[in-house]
Amino acid sequence: MDKEQIFREMKNCVLEGEIELAGELAEKAVELGIHPLEAIEEGFTAGINEVGERFEEGDMFLPELVAAAEAMKAALAILEPLLLEQQAKRKIMGRVVIGTMLHDIHDIGKDMVASMLTAAGFEVHNLGVNVPTDTFVDKVRELKPHILGLSALLTTTMPEQEAVIKALEKEGLRQEVKVVVGGAPVNQGWADTIGADGFAENAIDAVKLARGLVG
Amino acid sequence: MRKRKFEPVRSLLEFRVLSERDILKVHEAALEVMEETGVRFPSHKALDVLEEAGCRVNREAMVARLPARLVMEALRQAPSRYLLAGREPKDDMWIDDKTSYLSTDGCCVDIYDIHSGELRRTTRQDITDACKVADFLPEISYIWGPPVSAQDVPAVIRPLHEIEASMEGTTMHIQPETVISEKMARYALEMGAVVAGGREALRRRPLFSYMQCAMDPLGQDGGSLEASMVAAEWGIPTGFMPMPMSCATAPATLAGNLVVTTVDAVSPLVLMQLINPGTPVYFAAAPTAIDLQTGGYTGGGPEDFLLAAAFGEICHFYRIPLAMGAFATGAKEPDWQAAVDNCFAALMPVLTRTAILNGAGTLNGSKIFSFQELIMDAEIYSMVAKVAGGIEVNDETLALDIIKKVGPGGNSLAEKHTRRHMKKIWQPTVYDRKPYGAWLESGKQGAYEDATEKARWILQNHEVKPLDPRVKEEFARIIKAAEKELG
């Protein structure tokens, strides 16, 4: 199989959201001695870019976008460690740390945002749910993300978003990172009140917001 | 702009207003009224035919008493399934007892101008524009009407201009309600024959049919009867629309209203079958109750919804297709009341598998035409279609393997099963699901504003196959002849 053909298959498997196939194709690329960076950029990313365009045109829907992002992630899980070994780096839009607030276990919206950001070319560190303030602060210090995403689905966990911002200020990290907030009860007014750098109402707008903040 | 995919609606839900016993009682009551009291047929031509067939006729009162035997024989002769053809075969509709189609409404005298938003008198051009927007909407299957009246054309030849103006805006089937004299009916059918390629071609592919109004209670209109007799002679489908209003032209009770509706829909069918046995006839109806304060026609309300569903059931009993007056809210603007009325008015007849729902796009009891209302009515109908489709339960749709695979707290977003089935989820075209922020940014643009934009876009961009120049020449000749004779 020549390179062009495998790149085409990579692109198609992202377009069709074939998650397992994406992993298999990544492994095959390694076997064939294709540089992981090339595989990501010429193959999988080409697919994700087309998905993004077709979604904007209304030609594809959210589940298709998520499946494409999952396929992309499956490929990256195999190719990224190799990149590290070779001390190479793929081009990323920016680094994002994201998580759901302490005492809040809702993750589908936050996971959609994480998937969309991955699909858009961000490096995403998803901390999961019920994340304590200290963990957010530690991860900001350790990973030096461009953006920190804080998700709250409950009116009772919204104050945790404010607590994280205060803790970042106290640790002298607030200027190092853009903090964005989201979740069903959260709106622009709340974001302004607690001094966040941005708010988005859904996963699609979250990508636009993130692009704006790193651009 | 993207066009929604839309299939003719076949309701899979079970829904009943009347029991079988109820239907039989209404039927027997209607037979009794037709035989004992009789029905007014104010046309000697019609009375001649009925008398010849054995009806007892009172010439002075112009009332014919129809023996039950004759009525039952006529009901057996009328077909249960037939074609309403489009100018193009893609627009053909097979009318049967399972499928529902939606048409526009007729025949409004005022219109909300799509550019200025102002209410003004309707013109010939408005017919073409209304038909053009309807032609673009996949939920609309044909033009009943004309949707508005061509008030800028002399009344004597107006119905013919209305047919031509409709054809300029659509290739769908057309069902005029303004052809209400024998002479006009002949000119109109001549126009149909020009398009179809002769009288026999028109009979085989009737690209238009007639709709006549009854004169409730227990009566018909002379001109309409004679027009429909021409249609029967040509084998062109005709329907009769009773609109009895409880408390005025029908008893206050809804069961009594159903008897009057049945008599006024069935009795002209008998005449049609006597003229040409087997000629396609449909029932039409818009029974209602008066507004108790003003005595006015209501256009919407719970009585209408019940009567619509119940008469649909009665028509199934007769195995004659029904064109039900649906939508046609009494609201003055496309507002809360319009939405309430039109949701019920669309849902009930679809659930009773009514063949045709007339008519989307009007306000103020079918007196005001609104492009926005037309688009939003079509959207309501698409939701009703989805509801009527019910829930399919089988291994694939139970998706047990997916539920187990996803497990507690997971999600189905990236599953192939999701991609396989997600397109069956109803999708809005103007129904507003924008995020709040996006809605604010758009200047608080909701369904109405989106429908305005959509209508303007359609009028600007949608192209309808024009009439052949030779057909236009023939139309001009026919209309000139009509003007000379009738003017």
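Residues numbered from 1 in each chain as written. Chains lettered and ligands numbered in written order. Predicted model: local features only at pLDDT ≥ 70, side-chain atom pairs only at ≥ 80, totals over all residues.

S.K.: Just to check I follow, could you spell out the nonpolar core for this structure?
M.R.: Generally speaking, a soluble globular protein has its nonpolar side chains buried in company with each other. Residue and element names in this part refer to chain B. Residues Leu-322 and Ala-346 are the most contacted members of the largest nonpolar core, which totals 148 residues. In terms of residue count, the dominant contributor to this core is helix H9 (residues 254-275) (11 residues). Sequence-distant contacts of Leu-322, defined by excluding residues within four places in its chain, comprise Tyr-282, Phe-283, Ala-285, Phe-311, Gly-312, Cys-315, Thr-354, Ala-355 and Ile-356. (Core = buried A, V, L, I, M, F, W, Y, C linked by C-beta atoms within 7 Å. Buried ≥ 20, exposed ≤ 12 C-beta atoms within 10 Å, placed from the backbone. Helix = DSSP H or I, 4+ residues; strand = E, 2+ residues; numbered from the N terminus. Contact = placed C-beta atoms within 7 Å.)

S.K.: How should helix H2 (residues 19-31) of chain A be read in this particular structure?
M.R.: What sets the pattern is the α-helix's 3.6 residues per turn: residues three or four places apart point alike. Residues and elements named next belong to chain A. Taking 1.5 Å per residue, 13 residues should reach 18 Å; H2 reaches 19 Å between its end C-alpha atoms and fits that length. Among the residues making up H2, those that are buried are Ile-19, Ala-22, Leu-25, Ala-26 and Ala-29. Along the axis of H2, the buried residues cluster in a sector spanning 115 degrees; they form a single face. The outward face of H2, more than 90 degrees from its buried face, is lined by the exposed residues Glu-20 and Glu-31. Looking at the buried positions of H2, the neighbouring elements they touch are helix H1 (3-15), helix H3 (36-56) and helix H4 (62-85). Gly-33 occupies a position one or two residues after H2 and carries a positive phi of about 75 degrees. (Expected span 1.5 Å × (residues − 1). Arc of directions from axis to C-beta.)

S.K.: Where do I start with the pairing of strand S12 (residues 210-213) of chain B in this structure?
M.R.: Every other side chain in a regular strand lies on the same face of the sheet, so the side chains alternate between the two faces. Of the strand pairs in this sheet, S12 of chain B and strand S13 (residues 238-241) of chain B are connected by four bridges, and their pairing is parallel. The residue bridging Gln-212 of chain B from the neighbouring strand is Phe-240 of chain B, located in S13 of chain B. (Pairing = 2+ DSSP bridges.)

S.K.: It is not clear to me how the domain arrangement of chain A should be interpreted in this structure. Could you clarify?
M.R.: Interface size is often expressed as the accessible area that is lost when the parts come together. Residues and elements named next belong to chain A. What the domain assignment reports for chain A is domain 1 (3-85) and domain 2 (95-214). Taken together, the contact pairs 10 residues of domain 1 with six residues of domain 2. For the side of domain 1 that touches domain 2, the secondary-structure elements that each account for two or more residues are H3 and H4. The element that contributes the greatest number of residues to the side of domain 1 that touches domain 2 is H4, accounting for seven residues. Partitioned by chemical class, the residues of the side of domain 1 that touches domain 2 number seven nonpolar, one polar and two charged. (Domains from an automatic or database assignment. Nonpolar A, V, L, I, M, F, W, Y, C, P; charged D, E, K, R; others polar.)

S.K.: Explain the sheet that holds strand S8 (residues 110-112) of chain B here, please?
M.R.: Neighbouring strands of a sheet are bound in pairs by backbone hydrogen bonds; such pairs are parallel or else antiparallel. Residues and elements named next belong to chain B. The sheet built from four strands is open, its strands ordered S9-S8-S20-S19 with mixed pairing. At either margin of the open sheet sits one strand with a lone partner, and together these are strand S9 (119-121) and strand S19 (362-363). Pairing of S8 with S9 involves three bridges; the strand directions are antiparallel. Following the sheet pairing, Tyr-112 is matched in S9 by Leu-119.

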